Amino acid sequence: MNLVRGFQLYAPDKLIPWRLRDLELEDLLDGHPLKKIKKEYYTLSCEPLTGLQCVVGFHLYKYGVLSELEFFMNLKSLDELPKSYEAFQTHFEAEFGSPTKTEKGNEGFPSHEWLVPGARITHFVFDRFGPEEHMRVEKI
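Residues numbered from 1 in each chain as written. Predicted model: local features only at pLDDT ≥ 70, side-chain atom pairs only at ≥ 80, totals over all residues. Heavy atoms only, no water.

1. Regarding the environment of Pro 12
Within the secondary structure layout, Pro 12 lies in the loop between β1 (6–9) and β2 (14–17). The class of Pro 12 is buried, set by a relative accessible area of 14%. Remark: the alpha-carbon pair of Pro 12 and Asn 74, spanning 62 residues in sequence, is separated by 19 Å. Residues in contact with Pro 12, not counting those within four places in the same chain, are Leu 29, His 32, Leu 44 and Cys 46. (Helix = DSSP H or I, 4+ residues; strand = E, 2+ residues; numbered from the N terminus. Buried < 20%, exposed > 50% of the residue type's maximum accessible area, 1.4 Å probe, protein only. Contact = heavy atoms within 4.5 Å.)

Encoded structure:
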């Protein structure tokens, strides 16, 4: 996947270009379960990579244009965190290769970073009122 232009969702089959504004995002995903959570933040339950079912968060907070995507599972308990972590890591490595950098992380989970043309991808867990997983793609 070429992240210079944007992020290609698997299902729905849509290229989400960087620098979209909120109404452009709404138009592009018309007919799909896009939820406006607050100004400049939307979520969509979808399949962003082949076989990965999760929620994608669209952040439009830098100048009101899309600049970051976050990926998360709606976990019912912390017992599901290892499975979620493994699913994200496996799918992102399958798509983007091995991380550029891996370091000892928090809560027993390594922290990973990919630097690819057009984007920085991060995957880590940190303690915020308990363990919280972050899987993000940021336009650079």
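Back to the write-up after that little detour.
2. Describing the side chain of Ser 84
Within the secondary structure, Ser 84 sits in helix α2 (residues 81–96). With a relative accessible area of 4%, Ser 84 lands in the buried category. If we skip the residues at most four places from it in the chain, Ser 84 touches Met 73, Leu 75 and Glu 133.

3. Considerations on the pattern of salt bridges
Tallying each qualifying case throughout the model produces 6 salt bridges. The shortest N-O distance in the salt bridge between Glu 113 and Arg 120 comes to 2.6 Å. Residue Arg 120 is classed as partly exposed on the basis of its relative accessible area of 32%. Residue Glu 138 is joined to Arg 120 by a salt bridge in which the shortest nitrogen-to-oxygen separation is 3.4 Å. Of this pair, Glu 138 sits in strand β10 (residues 131–139) while Arg 120 is found in strand β9 (residues 119–127), placing the two residues 18 residues apart along the sequence. Bridged by salt links that share partners, the residues Lys 101, Glu 103, Glu 113, Arg 120 and Glu 138 form one connected network. (Salt bridge = Lys/Arg side-chain N within 4 Å of Asp/Glu carboxyl O.)

4. Re the packing of aromatic side chains
Under the definition given, this model contains 6 aromatic pairs. On the numbers, 5.2 Å between centres and 75° between planes, the contact of Phe 71 with Phe 92 is edge-to-face. Here the residue Phe 71 occupies a position in strand β6 (residues 68–72), and Phe 92 occupies one in helix α2, the gap between them amounting to 21 residues. By relative accessible area, Phe 71 is classed as buried at 1%. On the basis of relative accessibility, which here comes to 0%, the residue Phe 92 falls in the buried class. Of the aromatic side chains, those joined through ring pairs into one cluster are Phe 7, Phe 71, Phe 92, Phe 96 and Trp 114. (Phe/Tyr/Trp six-rings, centres within 6.5 Å; stacked < 30°, edge-to-face > 60°.)

5. Examining the sheet that holds β9
The sheet built from 8 strands is open, its strands ordered β3-β4-β5-β6-β10-β9-β8-β7 with antiparallel pairing. Edge strands, defined here as strands with exactly one partner in the open sheet, are β3 (34–38) and β7 (101–103). Neighbour to neighbour, the strand axes of the sheet diverge by 25° on average, direction disregarded. Two strands pair when backbone bridges link them, and strand β8 (residues 111–116) and β9 are joined in this way by 5 bridges, in the antiparallel orientation. Residue pairing in the sheet places Glu 113 in a bridge with Thr 122 of β9. (Pairing = 2+ DSSP bridges. Axes fitted to C-alpha atoms, helices over the stretch in contact; angles between N-to-C directions.)

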